[in-house]
Amino acid sequence: MIQPNIPESAQPRVVIVGGGFGGINLAKQLKHAPVQVVLLDRNNYHLFQPLLYQVSTAGLEPDSIAFPLRGIFRKQKNLVFRMAEVTGIKATENILETGIGNIRYDYLVFATGSNTNFFGNKAIEDNAIGMKSLIEAVQIRNYVVKQFEESLLLKNQEEIKPKLNFVMVGGGPTGVELAGAFAELRKYIMPKDYPDLPQSLMNVYLIEAGPKLLASFSEKTSERTMHALQELGVKVMVNTGVKEYDGHTITLSNGETIESQSLLWSAGVKGVPVQGLPQDILLPNGRILVNEFNQVKGYENVFAIGDIAQMTNDPRFPKGYPMVAQVAIQQGKNLAHNIRLLLEKKTLKGFYYKDLGSMATIGRNRAVAEFANMRLSGYFAWIVWMIVHLMSLLGFRNKLVVFINWFYRYFTYERGTRIIIKRGAANIVKLRQTVGV
């Protein structure tokens, strides 16, 4: 059996599960603390998820938004990283069970993030495509290009339409950004790469079960977003849910159907809990109940931060904080401070979320943003969106590559490499999924 081979230390051991926004910020803040930090993740890289949709639409290459975890913590002497899948916890023994063996901890932090939520609809889960991982984004890119190539082989337009009907479900930032990106594919790339296919054969749908797009934004911003998408040719449907999907036909809550072979699901996310925790602290959405110090209910040395944590003590967010990067980042920093206080046997500091605002890009020169009682839209919001995301990327190389890509695309109306991975390469992808890459 593989062993974790983690050096023993006289200092307390803090085990962090997950190398997302919360995990890496917690680990960074513990750099000079008198502890041994053990970081675990199924991948050996940190993924910048806000730009996943650009990988799926050939706007960026996969390595532009991924940064090696070992590179992030190369100079942090008190940190040990191991690539591992967590399988369970023995809380009474302070043992974390993983695919590489059992790991002892003094403090344990779950920062496992979230996964696509299909709300229990097995048929949709089996046939729709989620977008929470780098592999899924690459698969979407390959699949979309394949649909175009196969459409050229068909003469009957009624057979082509289902291949070129791209349906996004979920009117949050991810759904809006995906719909805008696909609309730009139709407008700028399709006429150049596939001149034999009439643009009218490609349709982009955005379906939202709620009454408006971008539910966390103001009514005015939501209306502007819908208008901008419609100007790009996106068919927006609100107050409409998806009931069934068999891989060919989408059945909507209003009784209508859409023939499509491409359903991209971004309608919700759920936490990724670990086996071994009591069922009464696990919610139906997969999140773990925590107190104001991010301590898992019933434990003093087990914590949860970010998407996996359900904190309901803040009257502003009675249903828990939104599952966004800023919450994870701020909770990671606050927990690092509290771990130091625990070591000094001092009173812990409760977490208070400072909402720094929200933003979403719709397409070229189009975005919306709300922060500090300000509402921005159009070109200026688009510039702000690019600056914020560019500065949030890890690594100078990633920042430079993304900036060059955006600069080049703006003046050439081009996209990245649009290739299809053949069967042999697909087996490599499957192998990588197996080992957790």
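See above for the structure.
Residues numbered from 1 in each chain as written. Predicted model: local features only at pLDDT ≥ 70, side-chain atom pairs only at ≥ 80, totals over all residues. Heavy atoms only, no water.

Asker: If you had to explain the overall build of the protein to someone new, which residues and values would you point to?
Answerer: The secondary structure content of the protein amounts to twelve helices and 24 strands. Here the C-alpha atoms of the protein give a radius of gyration of 22 Å, agreeing with the 22 Å that 2.2 N^0.38 yields for 437 residues. Principal axes of the C-alpha set define a box for the protein whose edges measure 70 × 50 × 40 Å. Relative to its 437 residues, the protein shows a buried fraction of 54%. (Helix = DSSP H or I, 4+ residues; strand = E, 2+ residues; numbered from the N terminus. Rg over C-alpha atoms; globule rule 2.2 N^0.38 Å. Buried < 20%, exposed > 50% of the residue type's maximum accessible area, 1.4 Å probe, protein only.)

Asker: Explain the packing of aromatic side chains to me, using residue names and the numbers behind them.
Answerer: Inspection of every chain in the model, using the stated rule, returns 15 aromatic pairs. On the basis of an interplanar angle of 75 degrees and a centroid distance of 5.8 Å, the ring pair of Phe-21 and Phe-48 is categorised as edge-to-face. Remark: Phe-48 occurs in the loop between strand S3 (45–47) and helix H2 (52–56) and Phe-21 occurs in helix H1 (residues 21–29); sequence separation between them is 27 residues. Pair check on accessibility: Phe-21 and Phe-48 agree, each one buried. Ring geometry for Trp-385 against Trp-406: centres 5.7 Å apart, planes inclined by 35 degrees, an arrangement best described as tilted. Taken as a pair, Trp-385 in helix H10 (residues 379–392) and Trp-406 in helix H11 (residues 396–412) lie far apart in primary sequence, 21 residues in all. Accessibility expressed as a relative area gives 1% for Trp-385, which makes it buried. Given the relative accessible area of 9%, Trp-406 is considered buried. Here the basic side chain of Arg-364 rests over the ring of Tyr-410, its NZ or CZ set 4.1 Å away from the ring centre. (Phe/Tyr/Trp six-rings, centres within 6.5 Å; stacked < 30°, edge-to-face > 60°. Lys NZ or Arg CZ within 6 Å of the ring centre and 35° of its normal.)

Asker: Describe the side chain of Asp-41, listing the residues and the values that go with them.
Answerer: When you line up the elements, Asp-41 lands in strand S2 (residues 36–41). Arg-42 provides the closest opposite charge to the buried, unpaired Asp-41, separated from it by 5.8 Å. A polar side-chain atom of Asp-41 sits 2.6 Å from the main-chain amide nitrogen of Gly-19. Within polar-contact distance, the side chain of Asp-41 engages the backbone nitrogen of Asn-43 at 2.7 Å. (Lys, Arg positive; Asp, Glu negative; His and termini not counted. Salt bridge = Lys/Arg side-chain N within 4 Å of Asp/Glu carboxyl O. Polar contact = N/O pair within 3.5 Å; in protein donor to acceptor, adjacent residues only side chain to side chain.)

Asker: Please provide a residue-by-residue account of the sheet that holds strand S24 (residues 374–377), values included.
Answerer: The three strands lie next to each other as S22-S23-S24, forming an open sheet whose pairing is antiparallel. The sheet terminates laterally at strand S22 (358–363) and S24, the two strands that pair on one side only. Neighbour to neighbour, the strand axes of the sheet diverge by 5 degrees on average, direction disregarded. Bridge count for strand S23 (residues 366–371) against S24 is four bridges, and the pairing is antiparallel. Looking at the pairing, Ala-369 lines up with Leu-376 of S24. Running over the sheet, helix H8 (residues 219–231) touches S22, S23 and S24 and is turned about 170 degrees from S23. (Pairing = 2+ DSSP bridges. Axes fitted to C-alpha atoms, helices over the stretch in contact; angles between N-to-C directions. Contact = heavy atoms within 4.5 Å.)

Asker: Could you give me a rundown of the pattern of salt bridges, with the residues and numbers involved?
Answerer: Side-chain pairing between opposite charges can occur once the charged atoms of the two side chains come close. One pass over the structure, following the stated rule, counts 14 salt bridges. Of the charged contacts, one joins Arg-13 and Glu-8 as a salt bridge, the two residues approaching to 4.0 Å between their closest N and O atoms. Residue classification places Glu-8 among the exposed positions, given a relative accessible area of 64%. Residue Arg-42 pairs with Glu-85 through a salt bridge whose shortest N-O separation is 2.9 Å. Taken as a pair, Arg-42 in the loop between S2 and S3 and Glu-85 in the loop between strand S5 (79–83) and strand S6 (86–90) lie far apart in primary sequence, 43 residues in all. Residue classification places Arg-42 among the partly exposed positions, given a relative accessible area of 44%. Residues participating in the shared-partner salt-bridge network are Glu-8, Arg-13, Arg-104 and Asp-106.

Asker: Requested: an account of the pairing of strand S15 (residues 249–252), with residues and values cited.
Answerer: In the sheet, strand S14 (residues 242–245) pairs with S15 via three bridges, with the strands oriented antiparallel. Bridge pairing in S15 links Tyr-245 to Ile-250. Direction of pairing for S15 relative to strand S16 (residues 257–259): antiparallel, over a ladder of three bridges. Note that in S16 the partner of Thr-249 across the bridge is Glu-259. Counting the residues in the hairpin turn of S15 and S16 gives four residues, including Gly-255, whose phi is positive at 95 degrees.

Asker: Tell me about the packing of H10 against H11, and name the residues and values.
Answerer: Following both chains from N to C, one finds H10 and H11 inclined at 155 degrees, their axes separated by 9 Å at the closest point. Judged on the interaxial angle alone, H11 and H10 are roughly antiparallel. Residue-level inspection shows Tyr-379, Trp-382, Trp-385, Met-386, His-389, Leu-390 and Met-391 of H10 in contact with H11, the latter providing Lys-399, Val-402, Phe-403, Trp-406 and Tyr-410. (Parallel < 35°, antiparallel > 145°, perpendicular 65-115°, else oblique.)

Asker: Could you give an account of the sheet that holds S14, with specific residues and numbers?
Answerer: The sheet built from three strands is open, its strands ordered S14-S15-S16 with antiparallel pairing. Each edge of the open sheet carries a strand with a single partner, namely S14 and S16. Going across the sheet, the axis of each strand differs from the next one's by a mean of 20 degrees, ignoring polarity.

Asker: An account of the environment of Leu-376 is requested, with residue identities and associated values reported.
Answerer: Mapped onto the elements, Leu-376 comes out in strand S24. Judged by its relative accessible area of 13%, Leu-376 is buried. Those residues in contact with Leu-376, other than ones at most four positions away along the chain, are Ala-367, Val-368, Ala-369, Phe-371, Ala-381 and Val-384.

Asker: Break down the environment of Leu-164 for me, with residues and values.
Answerer: Within the fold, Leu-164 resides in helix H6 (residues 157–164). When the C-alpha positions of Leu-164 and Lys-192 are compared, they lie 16 Å apart, and in sequence the two are 28 residues distant. Discounting residues that sit within four places of it in the chain, Leu-164 has contacts with Gln-147, Phe-148, Ser-151, Met-190, Leu-197, Leu-201, Met-202 and Asn-203.

Asker: Got a sec to walk through the side chain of Arg-13? Specific residues and values, please.
Answerer: Relative to the elements of secondary structure, Arg-13 occurs in strand S1 (residues 13–17). Engagement of the side chain of Arg-13 in a polar contact is seen with the backbone oxygen of Arg-104, the distance being 3.1 Å. Not counting the four nearest positions on each side in its chain, Arg-13 is found in contact with Ile-6, Pro-7, Glu-8, Gln-36, Val-38, Ile-103, Arg-104, Tyr-105, Asp-106 and Tyr-107.

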